[in-house]
Amino acid sequence: MSWGPNYMYYHCPSCGKKFKVQQDMIPELGDDFGRCPECGEMGVFEHDGAISLDDKEYFEIE
């Protein structure tokens, strides 16, 4: 049984942007996985899992 995509949620320590990335994008993004789409800084991991209640606050990296 699947609950949908599994996300990793981050926030940027430099610019404050909140973003999320599907875990299955690790091979595609490589070393850039977890980096802020705005400034390129490595994000601070917050939590992971299926879509969370505050999901709308996070920009999705595709």
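Basis of the calculations
- Residues numbered from 1 in each chain as written.
- Predicted model: local features only at pLDDT ≥ 70, side-chain atom pairs only at ≥ 80, totals over all residues.
- Heavy atoms only, no water.
- Pairing = 2+ DSSP bridges.
- Helix = DSSP H or I, 4+ residues; strand = E, 2+ residues; numbered from the N terminus.
- Axes fitted to C-alpha atoms, helices over the stretch in contact; angles between N-to-C directions.
- Polar contact = N/O pair within 3.5 Å; in protein donor to acceptor, adjacent residues only side chain to side chain.

Engineer: So what exactly am I meant to see when it comes to the sheet that holds strand β2 (residues 18-22) here?
Structural biologist: Backbone hydrogen bonds hold the strands of a sheet together, and the pairing may be parallel or antiparallel. On the basis of which strands lie adjacent, the open sheet formed by four strands has the order β3-β1-β2-β4 and mixed pairing. In this open sheet, the two edge strands, each paired with only one partner strand, are β3 (44-49) and β4 (59-61). Strand-to-strand twist of the sheet, defined as the mean angle between neighbouring strand axes without regard to direction, takes the value 30°. In this structure, β2 lies alongside β4, joined through three bridges in parallel fashion. From the neighbouring strand, valine 21 faces β4, where its bridge partner is isoleucine 61.

Engineer: What is the right way to read the pairing of β2 from this model?
Structural biologist: Relative to β2, strand β1 (residues 7-11) runs antiparallel, the two sharing five bridges. Among the inter-strand pairings, tyrosine 10 is bridged to a residue of β2, identified as phenylalanine 19. Counted along the chain from β1 to the antiparallel partner β2, the turn is six residues long, and its residue glycine 16 has a positive phi close to 85°.

Engineer: What is the right way to read the environment of lysine 18 from this model?
Structural biologist: Position of lysine 18 among the secondary structure elements: in strand β2. Note: C-alpha distance between lysine 18 and aspartate 32 (14 residues apart in sequence) is 16 Å. There is a polar contact of 2.7 Å between the side chain of lysine 18 and the side chain of glutamate 57.

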